[in-house]
Amino acid sequence: STWIDKMQDFDVANVRDALSAFNRLISPAHKKLFVGIFDTLETGLSKLGDTTAKQTKAISKLLQLIKDIPMDGKQDYDVLGFIYEYLIGMFAANAGKKAGEFYTPHEVSFLMSEIVADHLKDQKKIQIYDSCSGSGSLLINIGKSLSKHIDEKNNIKYFAQELKKNTYNLSRMNLVMRGILPNNIETRNGDTLENDWPHFDENDPFSYKTLYVDAVVSNPPYSQKWDPSNKDNDARFSRFGLAPKGKADYAFLLHDLYHLKPDGIMTIVLPHGVLFRGGEEGKIRKKLIESNHIDAIIGLPSSIFFGTGIPTIIIVLKQNRENSDVLIIDASKGFVKEGNNNKLRASNIKKIVDSVSDRTTINKYSRL
């Protein structure tokens, strides 16, 4: 509103001044959460034109668009969140393979959230962690699904870890602008497999403790190369073995499982191949089943993610389970076609969630 009021006199320099003031005035208590959050925006200003006049003109046009967005909080939906997901979805659809890396389609995100929320619905305080947080949408959707059951939404704490700096900034912005209290957000820019979530506060090496949460969700990069050398004694992997260096899928899964509390739940999206590939993966899979961690496996339709047609699955795991069976759901036929992509409908999502919570057998659909 300040910039719109001075529209004739507005200049790109006003934006640069505001950004440096923002960095200067961050409360010491929230330095970690906010420092550098606008770095991507700052370096991006120069891409809006090769002269300050062109940059000023581009931003002025943007401000005129933004000022029409209702921001008074009287809407019955999350306006910024809706626009954000729409833009990222459009960007992902047009950016080919690269964009699937940081965007989980809303329907898949919602499906995972509903499964997690059903498991945690009686808890008063909840901690959730995404080890490959991307734009943060998975965490936010879980928060939404949980807040239908929990009396006090400020009793949900969010942990987000992301490797790529620009995407990490998206993660932080997205969490902050949803009105989540800064004290309830912990974010980390780091390599999940190389450097586990730090066990201590960097300023206090004696505060050693492992992060255990009620729910972990993730959509890691599929079949990523990684370096398993010297990780035999890593507590995350030592029980089950090391994923092969050409495919880190099980390394991400074991990392997530390690951070679960005894009564916790996790959902992870992985490529279909993790169900039947042999070698080290076969051994890990066998141990996971023998240790009774796999609760359900959901086969999704192909072409449901941007930029990749490969079939994917959601695996639901728990630390401690009352059942000793595994529920297998073939949900690959339930979708509607949209352009090149397949999309889960609300009815498809409800059928999956109900099948997981009731553990029902349905002919040619689900089986224990």
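Before reading on, note that the structure itself is shown above.
Keep in mind it's a predicted model, so treat the numbers as computed, not measured.

### Things to note about the packing of aromatic side chains
Each aromatic ring pair is summarised here by two numbers: the centre-to-centre distance and the angle between the ring planes.
Thinking step 1. Within this structure, the stated rule accounts for eight aromatic pairs.
Thinking step 2. Centroid distance Phe 22 to Phe 38: 5.0 Å. Interplanar angle 65°. Geometry classified as edge-to-face. With a gap of 16 residues between them, Phe 22 in helix H2 (residues 12-24) and Phe 38 in the loop between helix H3 (31-34) and helix H4 (39-44) connect regions that are remote in the sequence.
Thinking step 3. By relative accessible area, which is 25% here, Phe 38 ends up partly exposed.
Thinking step 4. Aromatic pair Trp 226 and Phe 237: ring centres 5.5 Å apart, planes at 65°, arrangement edge-to-face. Of this pair, Trp 226 sits in the loop between strand E4 (213-218) and helix H10 (249-258) while Phe 237 is found in the loop between E4 and H10, placing the two residues 11 residues apart along the sequence. Both residues of the pair, Trp 226 and Phe 237, count as buried.

### Quick word on the side chain of Gln 55
Thinking step 1. The topology assignment puts Gln 55 in helix H5 (residues 52-66).
Thinking step 2. Of the polar contacts made by the side chain of Gln 55, one reaches the side chain of Arg 16; its length is 2.9 Å.
Thinking step 3. Ignoring any residue separated from it by four or fewer positions in sequence, one finds Gln 55 in contact with Val 12, Arg 16, Leu 45, Ser 46, Leu 48 and Gly 49.

### Points about a nonpolar patch on the surface
Thinking step 1. Together, Leu 62, Leu 65, Ile 66, Met 71, Leu 80 and Met 177 line one region of the surface with nonpolar side chains, adding up to about 540 Å² of accessible area.
Thinking step 2. For the nonpolar patch, the element with the most residues is H5, which contributes three residues.
Thinking step 3. Considering the arrangement of structural elements, one finds Leu 80 in helix H6 (residues 79-94).
Thinking step 4. With a relative accessible area of 31%, Leu 80 lands in the partly exposed category.

### Observations regarding the packing of H10 against helix H11 (residues 279-290)
Thinking step 1. Close contact between H10 and H11 brings their axes to 10 Å; oriented N to C, the two are set at 25°. Our classification of the angle between H10 and H11 gives roughly parallel. Between H10 and H11 the crossing geometry is left-handed. Of H11, the residues touching H10 (which contributes Asp 249, Tyr 250, Leu 253, Leu 254 and Leu 257) are Glu 281, Ile 284, Arg 285 and Leu 288.

### Quick word on the pairing of strand E7 (residues 312-318)
Thinking step 1. Among the seven residues in E7, seven count as buried, and that is most of the element.
Thinking step 2. Of the two faces of E7, both are covered, the one formed by Thr 312, Ile 314, Val 316 and Lys 318 as well as the one formed by Ile 313, Ile 315 and Leu 317.
Thinking step 3. Pairing of strand E5 (residues 260-271) with E7, which is carried by seven bridges, proceeds in the antiparallel orientation. Bridge pairing links Thr 267 to Val 316 in E7.
Thinking step 4. One ladder, built from five bridges, connects strand E6 (residues 294-299) with E7; its direction is antiparallel. Looking at the pairing, Ala 296 lines up with Val 316 of E7.

### What to know about the pattern of salt bridges
Thinking step 1. Under the counting rule described, the total for this entry stands at 21 salt bridges.
Thinking step 2. Among the ionic pairs, Lys 67 bridges to Asp 68, the shortest N-O distance being 3.9 Å.
Thinking step 3. On the basis of relative accessibility, which here comes to 43%, the residue Lys 67 falls in the partly exposed class.
Thinking step 4. Among the residues examined, Asp 68 registers a relative accessible area of 58% and is labelled exposed.
Thinking step 5. Across the pair Glu 186 and Lys 157 runs a salt bridge, and its minimum N-O distance is 3.5 Å. Here Glu 186, found in strand E3 (residues 185-189), pairs with Lys 157, found in strand E2 (residues 156-162); they are 29 residues apart in sequence, far enough to count as distant.
Thinking step 6. Using a relative accessible area of 21% as the deciding quantity, one classes Lys 157 as partly exposed.
Thinking step 7. Look at the salt bridges and you will find they share partners, linking Asp 295, Lys 318, Arg 321, Asp 325 and Arg 359 into a network.

Definitions and cut-offs
Residues numbered from 1 in each chain as written. Predicted model: local features only at pLDDT ≥ 70, side-chain atom pairs only at ≥ 80, totals over all residues. Heavy atoms only, no water. Phe/Tyr/Trp six-rings, centres within 6.5 Å; stacked < 30°, edge-to-face > 60°. Helix = DSSP H or I, 4+ residues; strand = E, 2+ residues; numbered from the N terminus. Buried < 20%, exposed > 50% of the residue type's maximum accessible area, 1.4 Å probe, protein only. Polar contact = N/O pair within 3.5 Å; in protein donor to acceptor, adjacent residues only side chain to side chain. Contact = heavy atoms within 4.5 Å. Patch = residues over 30% accessible without salt bridge, like charges linked within 9 Å, V, L, I, M, F, W, Y side chains within 5 Å. Areas by Shrake-Rupley, 256 points an atom, 1.4 Å probe, with all protein chains shown as cover. Salt bridge = Lys/Arg side-chain N within 4 Å of Asp/Glu carboxyl O. Axes fitted to C-alpha atoms, helices over the stretch in contact; angles between N-to-C directions. Parallel < 35°, antiparallel > 145°, perpendicular 65-115°, else oblique. Left-handed = near helix turned anticlockwise from the far one by under 90°. Pairing = 2+ DSSP bridges.

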